[in-house]
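Survey of secondary and tertiary structure
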Amino acid sequence: MISELGNWFNFIAVLGLVRLCFTFGSNRHHDVILTRLVPFTIFAPIAGAFVDRWSRRTVMIVSDLARIGVALGCFW
């Protein structure tokens, strides 16, 4: 529950940051929403199939390592 609450605070903060950084007439907030929701929509059904077939612990570790890779990729 705490993690989900943190995710929503992050989502709202990013939207606020986009609103401050871009002009008033810009539609960049739509890009942020799509960037966050499209991957979830695509990968959620696939992830359910993986978790059913493989160990949940293994799937969680692999997904966390992938997230680390994506986060470090932002520095490139």
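Residues numbered from 1 in each chain as written. Predicted model: local features only at pLDDT ≥ 70, side-chain atom pairs only at ≥ 80, totals over all residues. Heavy atoms only, no water.

Things to note about the overall build of the chain
Helix and strand counts for the chain stand at 3 helices and 0 strands. For the chain, the succession of helices and strands along the chain, N to C, is α-α-α. For the chain, the spread of C-alpha atoms along the three principal axes comes to 50 × 25 × 25 Å. Buried residues in the chain amount to 5% of all 76 residues. Of the roughly 7,100 Å² that the chain leaves accessible, carbon and sulfur atoms contribute 72%. (Helix = DSSP H or I, 4+ residues; strand = E, 2+ residues; numbered from the N terminus. Buried < 20%, exposed > 50% of the residue type's maximum accessible area, 1.4 Å probe, protein only. Areas by Shrake-Rupley, 256 points an atom, 1.4 Å probe, with all protein chains shown as cover.)

What about the environment of Gly48?
Tracing the sequence through the fold places Gly48 in helix α2 (residues 28-53). Note: C-alpha distance between Gly48 and Phe9 (39 residues apart in sequence) is 25 Å.

Examining the confidence of the model for the chain
In this model, the chain carries a mean pLDDT of 80, and residues with pLDDT of at least 70 account for 93%. Ranking the elements of the chain by mean pLDDT puts helix α1 (residues 2-21) last with 79 and helix α3 (residues 56-73) first with 85. (pLDDT = per-residue confidence, 0-100.)

A word on the pattern of salt bridges
A full pass over the atoms with the stated rule returns 1 salt bridge. Of the charged contacts in the structure, one is a salt bridge between Arg67 and Asp64, with a shortest N-O distance of 3.5 Å. Taken as a pair, Arg67 and Asp64 lie in helix α3 at a separation of 3 residues, close to a single helical turn. By relative accessible area, which is 61% here, Arg67 ends up exposed. (Salt bridge = Lys/Arg side-chain N within 4 Å of Asp/Glu carboxyl O.)

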